[in-house]
Structure formats: structure tokens, C-alpha cells
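# Commentary on secondary and tertiary structure
So the chains spell out like this:
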Amino acid sequence: MKKIIGIVGTNSDQSTNRKLLQFIAKHFGDQAEIEVLEIKELPMFDKPANMEVPELAKEMAKKIEEADGVIISTPEYDHAVTASLMNALSWLSYGIYPFVDKPVMITGASYGTLGSSRAQAHLRQILNAPELKARIMPSSEFLLGHSLQAFDEEGNLKNADQIKQLDGLFADFVLFMDIMKQLNHTHAENLKAAQNFSWENNER
């Protein structure tokens with residue numbers, strides 16, 4: 001059985017992205033062990049000179065490293081991901097590099113019609129950064145619009161078409177994780193490149 005980490009891409013206590021990940025964990029519980037992680041307790045990233053990373057970030061990194069893949073569910077604020085998600089990814093690429101070559105599936109929920117489409121594009125750009133180097137599942141978007149009305153009282157998605165789409169995307173992600181596990185011949189070099197990368201040394 002696959003082991004997957006779900007990351008709630010916000011510090012909001014009432015996020016429908018958390019509901020979406022909880023539904024995914026329950027709905028696909030017979031196919032994968034999915035643990036949902038929170039980012040709201042991480043301190044503000046300040047690039048400490050001693051490279052000291054918070055224990056919570058280290059614990060998250062260890063779980064990501066041990067997982068077969070990661071699902072990140074992001075809301076959209078001002079056409080971008082949340083500051084709290086950017087903060088978490090900053091910690092998770094500072095002296096620790098759990099995302100290097102890690103398969104990632106992106107989902108998103110928003111109160112409006114577009115379902116965090118711009119934030120998902122923004123997140124793809126971030127995850128391609130030299131210090132992250134994640135392997136993002138291509139040609140896949142799960143955009144949950146009008147998310148306040150999307151769940152029933154038990155936390156299940158109400159729309160059968162949305163569930164069918166999610167079923168297909170998750171099946172693709174399982175296959176994607178298997179394929180990415182085979183494409184591991186440059187992992188050591190990719191990890192070394194992330195560890196040695198410095199924006200200061202690369203700026204002109």
C-alpha cells in the first residue's frame with residue numbers, strides 16, 4: 001500500500017482544502033495510507049545563519065522523505081498560494097530537501113468558481129525551484145470551486161462527477177508514483193545540486 005503525505009496549504013482553521021484532503025484520505029483509504037499534515041504551527045521563515053531548522057519542519061521532512069508521494073491542497077489568495085504555504089516550503093528547502101524527485105499531486109479548493117487555478121500554477125512554479133526539484137504530476141488539475149457548498153455533513157463530496165474526476169486523477173497519481181520510483185538514476189546528483197545551490201552565488 002502506498003504511503004502519501006497530504007499538506008494543508010493554509011493556516012486557516014476553517015479551510016475547505018483541509019476538508020478536501022480529509023475526504024481524499026478517507027475515500028482512498030483502501031489504496032493508500034494518507035496522513036494529513038498541518039503547516040500552521042511553523043514559525044516565520046527567517047533564514048537563520050546557523051541553518052537551524054524547526055523540529056516541526058524536520059519531522060515533516062522525514063515523513064515526506066519516507067512517503068511515496070505528496071498531495072498539496074492550496075487555496076488561492078491574490079492569484080497565488082498562501083503566505084503560510086510559501087513559508088512551509090521555504091523551511092522544507094533550507095538545509096533539508098525532502099521534495100527532491102518526490103512525486104507531487106496538486107489539488108485546490110476555493111469559494112469562487114475557478115477553484116484555485118492560478119494558485120495551482122503558482123505552486124507548480126515554486127516546486128520547480130532548484131532547492132525543491134519536485135516531480136509534479138503533469139496535465140492534472142483538481143479544481144474544487146464553490147467549496148463551501150461542496151461537502152455534506154459527513155465531509156464527503158456531494159458531486160458525483162467531481163468524485164469520478166478525483167478517482168481518475170488519483171489512479172493516475174498511483175501510476176505516476178510507480179513510474180517516478182523507477183526514474184531514480186540521477187537522484188543522488190539532483191539532491192547534491194539542491195544542497196549546493198545558492199541564489200547569492202548564482203545572481204549576476
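Higher on the page you've got the structure.
Residues numbered from 1 in each chain as written. Predicted model: local features only at pLDDT ≥ 70, side-chain atom pairs only at ≥ 80, totals over all residues. Heavy atoms only, no water.

## Quick word on the packing of helix α3 (residues 83-91) against helix α4 (residues 117-127)
- Between α3 and α4, the shortest axis-to-axis distance is 12 Å and the interhelical angle comes to 15°. The pairing of α3 with α4 is recorded here as roughly parallel in orientation. With respect to the hand of their crossing, α3 and α4 are arranged in right-handed fashion. On α4, the residues touching Leu-85, Met-86 and Leu-89 of α3 are His-122, Leu-123, Ile-126 and Leu-127.
- Partitioning the contact of α3 with α4 into residue classes produces six nonpolar, one polar and no charged. (Axes fitted to C-alpha atoms, helices over the stretch in contact; angles between N-to-C directions. Helix = DSSP H or I, 4+ residues; strand = E, 2+ residues; numbered from the N terminus. Parallel < 35°, antiparallel > 145°, perpendicular 65-115°, else oblique. Left-handed = near helix turned anticlockwise from the far one by under 90°. Contact = heavy atoms within 4.5 Å. Nonpolar A, V, L, I, M, F, W, Y, C, P; charged D, E, K, R; others polar.)

## Things to note about the layout of surface pockets
- A volume near 290 Å³ is recorded for the second largest pocket.
- The wall of the second largest pocket is formed by 17 residues, among which Val-100, Asp-101, Lys-102, Pro-103 and His-187 lie closest to the centre.
- Every element with two or more residues in the lining of the second largest pocket is listed here: α5 (160-182) and α6 (187-196).
- Looking at the lining of the second largest pocket, the element that brings in the most residues is α5, giving three residues.
- Here the residues of the lining of the second largest pocket are counted per class, giving nine nonpolar, two polar and six charged. (1 Å grid on protein atoms, 1.4 Å probe; cavity = no way out; pocket = protein on both sides within 12 Å on 5 of 7 lines; lining within 4 Å. Points joined across faces, edges and corners; volume = space filled by probe spheres on them.)

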